[in-house]
Amino acid sequence: MDHIYVNAVYDNYIWIDDSTLLVSTIPTARGAPPAKPWVPPAPKIESNEQGSISQARTFQDLLKDEHDVKLFEHYATSQLMLASLDGKVQEMGPPGIYQSFESSPDGKYVILTSFHRPYSFSVPCWRFPSKVELWTCGGRLVRELCDLPLAEDMPVAFGSVRKGMRCISWRADKPSTLYWVETQDGGDARKEVSPRDIIYSQPAEPLEADAPVVLLKLDFRYSGVSWCDESLALVYEAWHRTRRSRTWVISPESRDVSPRILFDRSSEDVYSDPGRPMMLSTRAGAQVVAKVKKENDDRAYILLNGFGATPEGNVPFLDLLDIHAGTAKRVWESSRQKYYETVVALVPHQNEGDICIDQLKIIMSRESNTENTQYYVTGLSDRKASQITHFPHPYPQLKSVQKEMIRYRRKDGVQLTATLYLPPGYNPLTDGRLPCLMWSYPEEFNSRNAAGQMRESPNEFSGIGPTSPLLWLARRFVVLYNPTIPIIGEGNEDANDRFVEQLVASAEAAVQEIVRRGVADPENIAVGGHSYGAFMAANLLAHAPHLFCCGIARSGAYNRTLTPFGFQNEERTLWEAMDTYVKMSPFMSADRIEKPLLLMHGEEDNNAGTLTMQSERLYKVLKGHGAVCRLVLLPLESHCYCARESVMHVLWETDTWLQKYCI
């Protein structure tokens with residue numbers, strides 16, 4: 001197959017069976033990429049003369065002109081090939097821009113999704129016209145499932161979706177049965193309708209009389225399904241505005257069994273999270289809910305795997321749930337003392353069907369403050385754990401780092417939490433107060449109680465990424481990591497209307513706590529963050545300059561008038577909440593930023609809203625007001641930084657800044 005090359009622009013391959021791959025390949029006749037004309041052939045024109053309402057987030061990396069369109073088609077067009085392990089290949093269908101393909105559990109059919117013209121200069125490719133077809137794995141077109149039009153007019157309100165069929169996939173519990181969802185509100189979350197979504201199911205090749213079957217009607221937005229068998233599936237729905245989520249129990253093949261709600265709760269309330277069902281692979285490779293049985297008991301049980309959030313920290317668990325009674329019994333729980341343990345998977349059973357709880361084995365992970373993650377196999381009945389991995393410590397120089405989950409309150413009484421890290425060998429009597437780096441990311445909540453809940457474990461191993469602030473523990477910094485910055489809007493209040501007030505109050509509480517503990521020098525506390533955390537850092541230097549000596553802002557957005565149709569969890573437009581947009585923008589308060597600020601950004605940032613221009617413009621206005629500032633643009637980097645050269649340079653810039661302005 002030397003002459004066949006994989007096209008990895010979108011999905012590039014799937015296994016059809018044990019010996020056959022469906023591969024997205026570069027067409028043999030593709031040729032050279034189209035050359036950009038020396039002289040533009042015509043003006044670039046976009047028109048809305050029909051007066052359509054088309055609002056969208058501030059998307060990046062869009063098609064800009066007809067030459068971009070030709071390049072997109074050149075590189076994204078694929079020829080699907082069936083390739084077997086004996087070296088045989090066969091073309092499947094015509095060349096096209098295939099976004100995804102998914103084979104049925106029995107390996108007889110494939111769902112093919114492809115893009116086609118007319119494209120758009122206003123929205124990303126996933127909103128382009130999209131055709132979904134059903135093919136046999138032998139290369140025969142069965143039928144077209146849908147041809148969705150260009151979706152430029154999708155509302156910006158959270159919970160809004162595309163019109164028409166969506167989430168088209170295979171039922172994991174059947175050999176070749178489709179399911180999909182169709183919105184009943186035109187995709188507009190602002191409309192009050194009931195039902196809002198309907199889930200349908202239909203065989204791959206239905207008879208003329210086989211109309212799609214309605215599995216469930218939902219009043220919230222569909223958010224997923226876990227298939228088990230013909231008698232059991234769990235369906236999930238959620239509504240962003242109220243943070244409500246519901247789990248339904250349905251019997252897919254029994255019309256006389258009414259759907260019922262298993263869980264109805266606030267998605268913000270992590271203390272009430274019942275967990276997610278444990279899954280097993282069928283012989284066909286599909287993932288289904290594992291059914292468990294007890295000896296001399298005919299009732300149906302499943303296992304729920306949860307994080308087990310508590311006021312003392314996460315204590316992961318495994319519950320045995322009686323699916324009919326809705327009652328659960330805890331059958332496994334993490335250690336609460338030294339270790340943090342989680343259930344990773346069930347050990348596959350030799351025979352398909354229900355698993356006896358007494359014979360069940362699990363794969364679990366175990367870690368601690370000082371010991372990195374290892375994996376074990378253990379039985380639920382005997383609890384004898386056999387270690388199956390022996391990974392070395394990834395950074396032994398920081399093995400003796402001191403970590404503590406701390407709690408404190410801000411002045412309005414909201415409970416806050418943070419992880420406090422002290423350098424290896426730190427002794428408060430001899431080392432005293434040290435310079436500190438505070439690194440965080442604001443989050444929105446609908447309730448004070450949810451905002452104050454603990455969401456981590458004091459026993460978790462501290463993973464350190466390439467540009468993690470924890471690296472400065474090696475430079476004898478105290479690191480206050482992820483102090484909670486809750487922005488709360490209860491009742492009819494929009495959280496961001498008091499963004500600055502709550503941001504400053506949370507930062508003040510964090511700084512006061514680490515100063516009270518005697519570990520941080522109040523004159524040498526730096527604040528930093530990435531993306532929305534960078535937005536936070538710039539705002540704190542503008543509105544709370546008494547707290548910090550300098551700031552570090554990576555890949556942020558600082559002028560919210562440049563993201564006029566919403567950002568983060570703000571779904572109001574600029575014209576609906578202009579005062580909020582302006583007050584939240586550190587760009588508008590740049591004249592108040594007097595502490596040194598280091599700005600870093602990828603030159604090719606493709607994240608919605610965080611245009612590279614955001615950092616460039618903030619730097620210009622800071623410089624215009626005489627502020628101490630520095631702008632670093634990383635070539636060929638996107639929202640996060642990947643190249644070794646970029647990572648090393650970010651570390652050097654950050655360390656140089658901290659050594660100069662925070663010591």
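Residues numbered from 1 in each chain as written. Predicted model: local features only at pLDDT ≥ 70, side-chain atom pairs only at ≥ 80, totals over all residues. Heavy atoms only, no water.

### Focus on helix α4 (residues 499-516)
Then comes step 1: Taking 1.5 Å of rise per residue, 18 residues should cover 26 Å, and α4 covers 26 Å from first to last C-alpha, within 8% of that figure.
Then comes step 2: Of all 18 residues that make up α4, 14 are buried, and the element is covered over most of its length. (Helix = DSSP H or I, 4+ residues; strand = E, 2+ residues; numbered from the N terminus. Expected span 1.5 Å × (residues − 1). Buried < 20%, exposed > 50% of the residue type's maximum accessible area, 1.4 Å probe, protein only.)

### Notes on the UniProt feature "domain: Peptidase S9 prolyl oligopeptidase catalytic" (unreviewed entry) in the protein
Then comes step 1: Here the UniProt feature "domain: Peptidase S9 prolyl oligopeptidase catalytic" (unreviewed entry) sits at residues 509-661.
Then comes step 2: Here residues 509-661 runs as 38% helix and 18% strand, with 23 Å between its end C-alpha atoms. (UniProt positions renumbered as here; feature names shortened; annotations may be inferred.)

### A short note on the pattern of salt bridges
Then comes step 1: Applying the stated rule across the entire model yields 41 salt bridges.
Then comes step 2: For the salt bridge of Asp197 with Arg166, the shortest nitrogen-to-oxygen distance reads 2.6 Å. Note that Asp197 is positioned in strand β10 (residues 197-203) and Arg166 in strand β8 (residues 165-170), a separation of 31 residues in sequence. By the burial criterion, Asp197 is buried, and Arg166 matches it.
Then comes step 3: Look at the salt bridges and you will find they share partners, linking Arg241, Asp494, Asp497, Glu570, Glu571 and Arg572 into a network. (Salt bridge = Lys/Arg side-chain N within 4 Å of Asp/Glu carboxyl O.)

### Topic: the domain arrangement of the protein
Then comes step 1: According to the domain assignment, the protein contains domain 1 (1-31 + 59-153), domain 2 (157-268), domain 3 (291-387) and domain 4 (396-662).
Then comes step 2: Using C-alpha coordinates to define each centre, domain 2 is positioned 39 Å away from domain 4.
Then comes step 3: Buried surface at the junction of domain 2 and domain 4, both sides included, amounts to about 780 Å², of which 32% is carbon and sulfur.
Then comes step 4: Linking domain 2 with domain 4 are two salt bridges.
Then comes step 5: Residue Asp494 is joined to Arg241 by a salt bridge in which the shortest nitrogen-to-oxygen separation is 3.5 Å.
Then comes step 6: Linking domain 2 to domain 4 there are eight residue pairs in polar contact (both at pLDDT 80 or more). (Domains from an automatic or database assignment. Buried area = accessible area lost by both parts, 1.4 Å probe. Polar contact = N/O pair within 3.5 Å; in protein donor to acceptor, adjacent residues only side chain to side chain.)

### Focus: a negative patch on the surface
Then comes step 1: Judged by side-chain charge, Asp61, Glu603, Glu604 and Glu616 come together as a negatively charged surface patch.
Then comes step 2: Along the chain, Glu616 falls in helix α7 (residues 612-624).
Then comes step 3: The class for Glu616 is partly exposed, based on a relative accessible area of 33%. (Patch = residues over 30% accessible without salt bridge, like charges linked within 9 Å, V, L, I, M, F, W, Y side chains within 5 Å. Areas by Shrake-Rupley, 256 points an atom, 1.4 Å probe, with all protein chains shown as cover. Lys, Arg positive; Asp, Glu negative; His and termini not counted. Charge placed at Lys NZ, Arg CZ, Asp CG, Glu CD.)

### Considerations on unusual backbone geometry
Then comes step 1: Here the amide bond leading from Arg117 into Pro118 is cis, since omega sits at 0 degrees, within 30 degrees of zero.
Then comes step 2: Counting through the fold element by element, Pro118 comes out in the loop between β5 (109-115) and β6 (130-136).
Then comes step 3: Of note in this structure, Ser555 is not a glycine but carries a positive phi near 55 degrees.
Then comes step 4: If you trace the backbone, Ser555 turns up in the loop between β35 (550-554) and α6 (578-584).
Then comes step 5: In the Ramachandran plot, Gln568 falls in the positive-phi region, its phi being about 45 degrees despite a non-glycine side chain.
Then comes step 6: Tracing the backbone through its elements, the reader meets Gln568 in the loop between β35 and α6.

### Here we look at the sheet that holds strand β25 (residues 361-367)
Then comes step 1: As summarised here, the arrangement of the four strands in space is β23-β25-β26-β27, forming an open sheet in which the pairing is antiparallel. The sheet is open, and its two borders are formed by β23 (340-346) and β27 (385-387), each paired with just one other strand. The average undirected angle you get between the axes of adjacent strands in this sheet is 35 degrees.
Then comes step 2: Relative to β25, β23 is paired through six bridges, and the arrangement is antiparallel. Residue Leu346 lies in a different strand from β25, and its bridge partner there is Ile362. (Pairing = 2+ DSSP bridges. Axes fitted to C-alpha atoms, helices over the stretch in contact; angles between N-to-C directions.)

### Looking at the sheet that holds strand β15 (residues 260-266)
Then comes step 1: Across the sheet, four strands lie side by side as β12-β13-β14-β15; this open sheet has antiparallel pairing. Either end of the sheet is taken by a strand with one partner, and the two such strands are β12 (221-229) and β15. Between one strand axis and the next, the sheet turns through 15 degrees on average, direction left out of account.
Then comes step 2: Where strand β14 (residues 244-250) lies against β15, six bridges are found, and the strand directions are antiparallel. For Trp248, the partnering residue across the bridge sits in β15 and is Ile261.

### Topic: helix α8 (residues 644-661)
Then comes step 1: Under the 1.5 Å per step criterion, the end-to-end length of α8 is 26 Å for 18 residues, consistent within 8% with the ideal 26 Å.
Then comes step 2: Inspection of α8 places Ser646, Val647, Val650, Leu651, Glu653, Thr654, Asp655, Trp657 and Leu658 among the buried residues, and these make up the whole buried set.
Then comes step 3: Packing partners of the buried residues in α8 comprise β30 (434-439), β34 (520-530), β35, β36 (597-602) and β37 (629-634). (Contact = heavy atoms within 4.5 Å.)

### A closer look at the side chain of Thr484
Then comes step 1: Its place among the elements puts Thr484 in the loop between β32 (478-481) and β33 (486-488).
Then comes step 2: Beyond its immediate sequence surroundings of up to four residues, Thr484 is in contact with Tyr408, Leu416, Thr417 and Ser506.

### Describing the packing of aromatic side chains
For any pair of aromatic rings, the description consists of the separation of the ring centres together with the inter-plane angle of the planes.
Then comes step 1: Per the stated rule, a full pass over the model turns up 18 aromatic pairs.
Then comes step 2: Summarising the aromatic geometry, the rings of Phe72 and Tyr119 are spaced 5.4 Å apart at their centres and angled 90 degrees between planes, so their arrangement reads as edge-to-face. Separated by 47 residues along the polypeptide, Phe72 in helix α1 (residues 66-76) and Tyr119 in the loop between β5 and β6 bring together distant segments of the chain. Here Phe72 and Tyr119 have matching classes, each one buried.
Then comes step 3: Consider the rings of Tyr441 and Tyr532, whose centres lie 5.9 Å apart with planes at 55 degrees: the pair is tilted. Here Tyr441, found in the loop between β30 and β31 (443-445), pairs with Tyr532, found in helix α5 (residues 532-543); they are 91 residues apart in sequence, far enough to count as distant.
Then comes step 4: Overall, Tyr441 belongs to the partly exposed group, its relative accessible area being 35%. (Phe/Tyr/Trp six-rings, centres within 6.5 Å; stacked < 30°, edge-to-face > 60°.)

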